[in-house]
Amino acid sequence: MKHWLAAFTVPAILFVLPAYAADDAAIARGAYIFAAAGCGACHTDVKNHGPPLAGGRAIVTRFGTFYSPNITPDLVHGIGSWSLGDFRRALREGRGRDGTFLYPVFPFDSYTGMSDDDVADLYAYLMAQPPNPRPDRPSAIRFPFGFRPLLIVWRMLFFHAGPLQPVTGKSADWNRGRYLAEAVGHCQECHTPRNFLRSLERAHGYAGNPRGPDGLRTPNITPDNDTGIGQWSLGDIEALLKTGQTPDFDPVGSGMGEMVKGTRAAHRRRPPCHRRLSQILAAAPRHP
Ligand code: HEC
Ligand code: HEC
């Protein structure tokens, strides 16, 4: 009997060990993507001391108030029963588990550009977090926008799903910076103006949004000297992402304060990324 057990367990251990090691590495990579993508900012109700990632944070928009869902691995109230495919579809195509359209207040319009590998690592990270049984709070969306099938119009007009393709002729560093700004960091979601259907006017990328999140003005971060950050050095931009302080030693607040919690943590894990991201902003087209 003992021999039989030993014969069974040894190969089983050999088989399990490498799989475990790969999982830990995926979780660590996922922690970086999670921080740089700022998922925690929206999915934790920090103001009311809500449990991490258990949702319930109110996001007020012209269309009504959205309450973010629970994305802990709780099997009933979170995404514990979601497969990697379900999760990828949410980020890439903006669809819920049953295929319903999600509102683009969840910035899948940017996350769609993330690579399959990063999405898989992010999934590994989220599934390794503690589950929390907090039920989702239904969003209070104004008529007629509460009718999800209407989102088909927005999707047909403005949404292009798929991973961001590298621009040929540009360096790997440049493409990495662009990927971090456009897809993972979703900087345009707050810093680019939107049209009447809340779609990004990408022709004015990073030019600021007079009606940004929470109804606040979001600054122009193109290299325009007067209205943008043309006077900032590359190091200034990098320092902001690292420390949350502008060159005048003003701490950034509201949505950017939350973003910086993530970028700061991401920076500790992979310092060169913020230089690459900063280079993209410094070389972006100027918009007054
Ligand atoms: C700007 C706020 C915001 C950010 C940032 C954000 N989310 Fe969300 N997310 C939402 C809202 C709001 C919804 C619900 C949308 C709806 O009801 O249509 C949502 C929906 C989801 C869903 C679908 C859950 C369900 O139960 O249907 C998943 C999964 C998800 N987000 C994961 C993420 C991940 C992973 C990140 C980071 C890469 C992230 N979110 C970043 C606001 C956000
Ligand atoms: C959730 C919305 C949001 C997202 C996402 C966001 N920002 Fe911001 N950002 C803001 C707001 C709001 C301010 C103004 C904060 C203040 O003045 O206290 C700001 C300020 C800044 C500033 C300082 C500009 C100035 O003139 O002082 C820079 C630089 C910046 N953001 C870069 C970025 C980069 C790079 C990204 C992507 C990694 C990003 N932001 C993503 C909301 C956002």
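Residues numbered from 1 in each chain as written. Chains lettered and ligands numbered in written order. Predicted model: local features only at pLDDT ≥ 70, side-chain atom pairs only at ≥ 80, totals over all residues.

Engineer: It is not clear to me how the overall build of the protein chain should be interpreted in this structure. Could you clarify?
Structural biologist: Scanning the protein chain from terminus to terminus reveals 11 helices and 3 strands. Overall, the protein chain shows an N-to-C arrangement of helices and strands of α-α-β-β-α-α-α-β-α-α-α-α-α-α. The C-alpha atoms of the protein chain give a radius of gyration of 21 Å, which matches the 19 Å a tight globule of 288 residues would have. Dimensions along the principal axes, computed over C-alpha positions, put the protein chain at roughly 80 × 45 × 40 Å. Residues counted as buried form 34% of the 288 residues belonging to the protein chain. Long-range pairs, those at least 24 residues apart, make up 58% of the contacts in the protein chain between residues at least 6 apart in sequence. (Helix = DSSP H or I, 4+ residues; strand = E, 2+ residues; numbered from the N terminus. Rg over C-alpha atoms; globule rule 2.2 N^0.38 Å. Buried ≥ 20, exposed ≤ 12 C-beta atoms within 10 Å, placed from the backbone. Contact = placed C-beta atoms within 7 Å.)

Engineer: Help me understand the site of ligand 2, please; the structure alone is not making it clear to me.
Structural biologist: In the vicinity of ligand 2, 26 residues are found, and the nearest of them are Gly185, Cys187, Cys190, Gly255 and Met256. Looking at the shell around ligand 2, the elements with two or more residues in it are α8 (188–191), α9 (234–243), α10 (254–269) and α11 (272–282). Taken together, the residues of the shell around ligand 2 sort by class into 15 nonpolar, 10 polar and 1 charged. (Near = placed C-beta within 6 Å. Nonpolar A, V, L, I, M, F, W, Y, C, P; charged D, E, K, R; others polar.)

Engineer: Please clarify how α10 should be interpreted in this entry.
Structural biologist: Since the α-helix packs 3.6 residues into each turn, any two residues three or four apart lie on the same face. Counted at 1.5 Å a residue, the expected span for α10 with its 16 residues is 22 Å, and the 24 Å between its end C-alpha atoms agrees. Of the positions making up α10, those classed as buried are Met256, Met259, Val260, Gly262, Thr263, Ala266 and His267. (Expected span 1.5 Å × (residues − 1).)

Engineer: Explanation requested: the environment of valine 105 in the structure shown.
Structural biologist: Counting through the fold element by element, valine 105 comes out in the loop between α3 (84–93) and α4 (108–111). Assessed through the 20 C-beta atoms surrounding it within 10 Å, valine 105 is described here as buried. In the structure, valine 105 is positioned 46 residues away from isoleucine 59 in sequence and 8.3 Å away in space, judged by C-alpha atoms. In contact with valine 105, not counting residues within four places along its chain, are Ile59, Thr61 and Phe66.

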